[in-house]
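Residue-level listing of the chains:
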Amino acid sequence: MNRSLLLLCIFFSAKCFAQADTAKWVRAFPVTGYMVDVSDSIKLVQVQLPDGVTIPEKQAGVLRGIYRDTRADTIVIGTGRCNLIKGNYYYFTVNYKQSGRQPREGDLLFTFVKPAPVYRGQVIKLGAYYIGLQNVYEDPFYDRHTIFSHWGKSEEASVIDSMVADIHFTGNYFLENNPGMNVKIKGGRYDGKMVLNIMVIATKKDVIDFLDYIIARPNLYAGREWKVSEIFATWVSEGAPTVIR
């Protein structure tokens, strides 16, 4: 295996985005519906990079599926390189012979990018996996592209406060309008408590622990948008597993 591709695979597995600021970052970009068969095991896929983001020709990439129906959807589909650049469109040839799973629109192409001068809290790390979080009305808490051009510590704090408020609001709403959803939690630090009651008193630390968990196990969430209150409730129901530092 070529050295640059080997490094990408190693870094991808180790979540190299969390490494030193001086290193290159790895970001995920969704592939478009434009695909061309090169052979019976190689497909040309296209990604459209946002303004200000460039990568060199021949750079390595790893294509991974997104969650659609089962966790098996999130396997590594194949590896390849950028072989053509047209404006903001970058074309990678991906060999999927080993996985046997052909690329699909929306799958994520992970590749190296230059570090951005932004605050590197939880939101930037979520964005690196193209994870979008929404409020109960499906309004995004952040833009998965523009956060990499400007994102500060105050914006991070404001977004997390908004997530806490949204979780409180959603918990209270269902307590009043659909209390049957208030199920008992089995296991974990909230064992025996009721999920909606935990939501209405959730703290900023609870939300940070929750985001850290997503970042540590991103494959289920990568490439999609989620209502933060819904997946927070699921996390709480499953025992609120946390990252051991």
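Scroll up for the structure.
Residues numbered from 1 in each chain as written. Predicted model: local features only at pLDDT ≥ 70, side-chain atom pairs only at ≥ 80, totals over all residues. Heavy atoms only, no water.

Engineer: Could you clarify how one ought to interpret the pairing of strand β5 (residues 89–95) in this entry?
Structural biologist: On a regular strand, one side chain projects to one face of the sheet and the next to the other, so that they alternate. Sheet analysis places strand β2 (residues 42–48) next to β5, joined by seven bridges and oriented antiparallel. In the sheet register, K43 faces β5, and the bridge partner there is V94. As judged from the seven bridges shared by strand β4 (residues 76–86) and β5, these two strands associate in the antiparallel manner. Each bridged residue has a counterpart across the sheet, and for K86 the counterpart in β5 is Y89. Between β4 and the antiparallel strand that follows it, β5, lie two residues; G87 among them carries a positive phi value of about 60 degrees. (Pairing = 2+ DSSP bridges. Helix = DSSP H or I, 4+ residues; strand = E, 2+ residues; numbered from the N terminus.)

Engineer: Where do I start with the environment of I185 in this structure?
Structural biologist: Note that I185 resides in the loop between α3 (153–177) and α4 (195–200). In this structure the C-alpha to C-alpha distance between I185 and V236, which are 51 residues apart in sequence, comes to 7.4 Å. Not counting chain neighbours up to four residues away, the residues in contact with I185 comprise Y190, D191, G192, K193, M194, V195, I198, V236 and S237. (Contact = heavy atoms within 4.5 Å.)

Engineer: Can you help me understand the packing of aromatic side chains in this one?
Structural biologist: Remark: the centre distance and the inter-plane angle together describe each pair of aromatic rings, the angle taken between the planes. Scanning the entire structure with this criterion turns up eight aromatic pairs. An angle of 65 degrees between the planes, with centres 5.9 Å apart, marks the rings of F110 and Y129 as edge-to-face. Here the residue F110 occupies a position in strand β6 (residues 108–113), and Y129 occupies one in the loop between α2 (122–128) and β7 (132–134), the gap between them amounting to 19 residues. Looking at F110, the relative accessible area reads 2%, which means it is buried. On the basis of relative accessible area, Y129 is assigned to the buried category, the value being 10%. Seen from their ring centres, Y173 and F174 are 5.2 Å apart, and the 85 degrees between their planes marks the pair as edge-to-face. Here the aromatic residues F210, F232 and W235 are joined through ring pairs into a cluster of three or more. In this structure, R144 packs its charged tip against the face of Y130, placed 3.9 Å from the ring centre. One cation-aromatic arrangement involves R224 over W226; the distance from NZ or CZ to the ring centre is 4.5 Å. (Phe/Tyr/Trp six-rings, centres within 6.5 Å; stacked < 30°, edge-to-face > 60°. Buried < 20%, exposed > 50% of the residue type's maximum accessible area, 1.4 Å probe, protein only. Lys NZ or Arg CZ within 6 Å of the ring centre and 35° of its normal.)

Engineer: Where do I start with the nonpolar core in this structure?
Structural biologist: Core analysis: the biggest nonpolar cluster contains 67 residues, and F92, I131, L133, Y142, M163, L211 and F232 have the highest contact counts within it. Setting aside its immediate chain neighbours within four residues, I131 contacts L126, Y142, R144, I214, P218, Y221, A222, G223, R224 and W226. (Core = buried A, V, L, I, M, F, W, Y, C linked by side-chain atoms within 4.5 Å.)

Engineer: Where do I start with the side chain of R81 in this structure?
Structural biologist: Its location among the elements puts R81 in strand β4. In this structure R81 is buried but unpaired, with E57 as the nearest side chain of opposite charge at 11 Å. Of the polar contacts made by the side chain of R81, one reaches the backbone oxygen of K58; its length is 2.4 Å. (Lys, Arg positive; Asp, Glu negative; His and termini not counted. Salt bridge = Lys/Arg side-chain N within 4 Å of Asp/Glu carboxyl O. Polar contact = N/O pair within 3.5 Å; in protein donor to acceptor, adjacent residues only side chain to side chain.)

Engineer: When you look at the sheet that holds β2 in this model, what are you seeing that I'm missing?
Structural biologist: In any sheet, the strands associate via hydrogen bonds between backbone groups, in a parallel or an antiparallel arrangement. With respect to topology, six strands assemble into a closed barrel ordered β1-β2-β5-β4-β3-β6, the strand pairing being antiparallel. Each neighbouring strand pair of the sheet contributes to a mean axis angle of 40 degrees, computed without reference to strand direction. Here strand β1 (residues 25–37) pairs with β6 via six bridges, running antiparallel. Following the sheet pairing, F29 is matched in β6 by L109. (Axes fitted to C-alpha atoms, helices over the stretch in contact; angles between N-to-C directions.)

Engineer: Would you take a moment to explain the packing of helix α5 (residues 204–216) against helix α6 (residues 228–237) for this structure?
Structural biologist: For any two helices packed against each other, the geometry is given by the interaxial angle and the distance between the axes. At a closest axis distance of 11 Å, the pairing of α5 and α6 adopts a crossing angle of 85 degrees. Relative to α6, the element α5 lies roughly perpendicular. Facing D206, V207, D209, F210, Y213 and I214 of α5, the residues of α6 in contact are V228, I231, F232 and W235. Taken together, the residues of the contact of α5 with α6 break down into eight nonpolar, no polar and two charged. (Parallel < 35°, antiparallel > 145°, perpendicular 65-115°, else oblique. Nonpolar A, V, L, I, M, F, W, Y, C, P; charged D, E, K, R; others polar.)

Engineer: How do you make sense of the environment of S39 when you look at a structure like this?
Structural biologist: Take S39: it is sitting in the loop between β1 and β2. For S39, a relative accessible area of 31% puts it in the partly exposed group. Placed 56 residues apart in sequence, S39 and N95 show a C-alpha to C-alpha distance of 9.1 Å.

Engineer: I keep staring at the pattern of salt bridges and nothing clicks. Help me out?
Structural biologist: Side-chain pairs of opposite charge can arise where the charged atoms are in close proximity. As enumerated under the stated definition, the model contains nine salt bridges in all. Between D107 and R101 there is a salt bridge, and its shortest N-O distance comes to 3.0 Å. Look at R101 and you get buried, because its relative accessible area is 19%. For D161, the salt bridge identified is with K204, shortest N-O distance 3.7 Å. Of this pair, D161 sits in helix α3 while K204 sits in helix α5; the two residues are 43 residues apart in sequence, bridging distant segments of the chain. Through salt bridges with shared partners, a single network forms among R189, K205, D206 and D209.

The quantities given are spatial measurements derived from coordinates; they are silent on function.
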